[in-house]
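# Overview (structure and organization)
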Amino acid sequence: MSDTHDVPPADARLADFEQHRRMVFGIAYRMLGSVADAEDLVQDTWLRWSGVTGPVASPGGFLARTVTNLALNKLDSAAVRRESYVGPWLPEPLVTEPDAPDGVERAETVSLALLVVLESLSPLERAVFVLKEAFGFSYQEIAEALDRTEAACRQVGSRARAHVRARRPRYDAPPELRRRATDEFLAACVGGDLNRMLELLAPDVTGWTDGGGVIRAALRPLVGAENVARFVLGVLQKLGEGAGARPVLVNGEAGLMITMDGAVDSVSVFEFAEQPDGTVRIAEIRSVRNPQKLAHLGRPASDGDGRDGRDEDGDGRADRA
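Please read all numbers here as calculations on a predicted model, not as lab measurements.

## Some thoughts on the overall build of the protein
A tally of helices and strands in the protein yields 12 helices and 7 strands. Evaluated residue by residue, the protein yields a buried proportion of 50% over its 321 residues.

Encoded structure:
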C-alpha cells in the first residue's frame, strides 16, 4: 500500500477521496457493523487525507490503511458497549428499494449473516479478512497497513477464512428465490395466514430480534417454526391498523420493512436452507427493531407506552412483541 507520489493539490486530493469513498465506507461498515460509526470514520479518514503535508501513499492504499486502523481503535470501545448490550446484537442494516439503481448502499453491502460472523472474529482477524477477501489487497499490502509481517498476516487470514467458512450459511439461495419467498412470507404475514407461514419456514428456523433494550423484543433467539410465526404475527397485531409492510433490499438481499404510521419499526432479512424433501425454506430471520439502529432510515418508531425494551421473562412470546 505504498507509493512515492508527491502531495496532490487540494482539488485533486478531494477527487481522489471521492473516487475511493465507497471503499472507505465499505471497510468501515464491515469492520464495525454500524452505519453511523462507518460514516464518522469516513469523515475522520478525509480529515487525515486532507491534512497530508509530505510524500503521500497511493490514494487507495493510504485511505484503506487509515480507515482500517481507525476502525481497529473504534472496536475497543465497541466491544465494551456490546458486553452490556440487552438481547441479541445485530448490525445496522443498509436498506434500498428493490428496483434502486446501483449506489454506495448496493455496491458496498454484505449480508447481515456474514457481519454477525465477522463480529465473532478478533479485530485483527476481521481487518485481514475484510482487506483480503472483500477488497482484494495483497498480504504484503495488508502487512504494511497493519504493521505486521506478511507471514503473520497470511496465518491470520487463513484462520479467519476457516472460521467464516465454518459459520456461514451453507445454502446460497438464488436472488429470484429469495425475492419470491420473501414476497410470499410478506403476503402470509399481512393476511394473518399462520398455516402458510409455517409452510415457508423451516421446522427448526431461528429468529433473532435486536431491540437493544430500548424497544420491546425477545431477549433470546426464538427457535421453531410455530414460535417464530406466532411472534411475527404478534408484532403485527400489536402495531395495529397503522402498520405497513413492504419488500426491500437489506444489505443487498431480499427483506422486509415494517412501518408504523410511516415510521420504521423493524427491518428483517432471511437466510434459506434446503430441506430433506428438496424444498427451500426460511431457516433464519434477523430483525432489527432498535430505533438507534434504524435512525439512518428515517424516523424510527417507538413503543407507545414508554416501556423499555426488555422482555421481562425472556421467553420471546408473541404477547411480548
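## With respect to the side chain of arginine 289
Mapped onto the secondary structure, arginine 289 falls in the loop between strand 7 (280-288) and helix 12 (291-294). The class for arginine 289 is buried, based on a relative accessible area of 5%. Here arginine 216 takes part through its backbone oxygen, which lies 2.6 Å from a polar atom of the side chain of arginine 289.

## Thoughts on the sheet that holds strand 6 (residues 263-274)
Strands in a sheet are paired, the pairing made by backbone hydrogen bonds, and the direction either parallel or antiparallel. Taken in spatial order, the 7 strands line up as 1-4-5-6-7-2-3 in an open sheet, and their pairing is mixed. Looking at the sheet topology across the chains shown, the edges are occupied by strand 1 (95-96) and strand 3 (222-223). Pairing geometry for strand 4 (residues 243-250) and strand 5 (residues 253-260), over 8 bridges, is antiparallel. By the bridge assignment, alanine 243 is partnered in strand 5 with methionine 260.

## What to know about helix 5 (residues 112-119)
Of all 8 residues that make up helix 5, 6 are buried, and the element is covered over most of its length. On its buried face, helix 5 sits against helix 1 (10-32), helix 6 (123-134), helix 8 (150-167), strand 4, strand 6 and strand 7.

## Thoughts on the pairing of strand 7
In this sheet, strand 7 lies alongside strand 2 (residues 201-210) in parallel orientation, the contact comprising 6 bridges. In the sheet register, threonine 209 faces strand 7, and the bridge partner there is serine 287. Pairing of strand 6 with strand 7, which is carried by 8 bridges, proceeds in the antiparallel orientation. In the strand pairing of strand 7, glutamate 274 is matched with valine 280. Between strand 6 and strand 7, which pair antiparallel one after the other, the connecting turn spans 5 residues, and glycine 278 there sits at a positive phi close to 90°.

## Section: the packing of helix 1 against helix 2 (residues 35-50)
At their nearest, the axes of helix 1 and helix 2 sit 9 Å apart, and the two run at 145° to each other. Note on packing geometry: the crossing formed by helix 1 with helix 2 is right-handed. Along the contact surface, helix 1 presents Arg13, Leu14, Asp16, Phe17, Arg21, Val24, Phe25, Ala28, Tyr29 and Leu32, while helix 2 presents Val35, Asp37, Ala38, Glu39, Leu41, Val42, Gln43, Thr45, Trp46, Trp49 and Ser50. Looking at the contact of helix 1 with helix 2 residue by residue, the classes come out as 13 nonpolar, 3 polar and 5 charged.

## Considerations on the nonpolar core
Within the largest apolar cluster, 55 residues are counted, with the highest numbers of intra-cluster contacts made by Ile27, Tyr29, Met31, Leu118 and Ile142. Among the elements that take part in this core, helix 1 stands out by supplying 9 residues, more than any other. Residue contacts for isoleucine 27: discarding those within four places in its chain leaves Ala64, Val67, Thr68, Val130, Leu131 and Phe135. Grouped together as the second largest cluster of nonpolar side chains are 28 residues, Leu200, Leu222, Val228 and Leu256 included.

## Examining the pattern of salt bridges
Throughout the structure, instances matching the rule amount to 14 salt bridges. Here arginine 126 and glutamate 119 are joined by a salt bridge, their closest N and O atoms 3.5 Å apart. Two residues, aspartate 210 and lysine 293, come together in a salt bridge whose shortest N-O distance is 2.6 Å. Remark: lysine 293 occurs in helix 12 and aspartate 210 occurs in strand 2; sequence separation between them is 83 residues.

## Thoughts on the packing of aromatic side chains
Applying the stated rule across the entire model yields 4 aromatic pairs. Centre to centre, the rings of phenylalanine 25 and tyrosine 29 are 5.9 Å apart; their planes meet at 5°, and the pair counts as stacked. Placement of the pair is phenylalanine 25 and tyrosine 29 together in helix 1, with a separation of 4 residues, close to one helical turn. As far as burial versus exposure is concerned, phenylalanine 25 and tyrosine 29 are alike and both buried. Positioned over the ring face of tyrosine 139 is lysine 132, at 4.9 Å from the centre of the ring. Against the face of tryptophan 208 rests arginine 286, its NZ or CZ located 4.5 Å from the ring centre.

Cut-offs applied
- Residues numbered from 1 in each chain as written.
- Predicted model: local features only at pLDDT ≥ 70, side-chain atom pairs only at ≥ 80, totals over all residues.
- Heavy atoms only, no water.
- Helix = DSSP H or I, 4+ residues; strand = E, 2+ residues; numbered from the N terminus.
- Buried < 20%, exposed > 50% of the residue type's maximum accessible area, 1.4 Å probe, protein only.
- Polar contact = N/O pair within 3.5 Å; in protein donor to acceptor, adjacent residues only side chain to side chain.
- Pairing = 2+ DSSP bridges.
- Contact = heavy atoms within 4.5 Å.
- Axes fitted to C-alpha atoms, helices over the stretch in contact; angles between N-to-C directions.
- Left-handed = near helix turned anticlockwise from the far one by under 90°.
- Nonpolar A, V, L, I, M, F, W, Y, C, P; charged D, E, K, R; others polar.
- Core = buried A, V, L, I, M, F, W, Y, C linked by side-chain atoms within 4.5 Å.
- Salt bridge = Lys/Arg side-chain N within 4 Å of Asp/Glu carboxyl O.
- Phe/Tyr/Trp six-rings, centres within 6.5 Å; stacked < 30°, edge-to-face > 60°.
- Lys NZ or Arg CZ within 6 Å of the ring centre and 35° of its normal.

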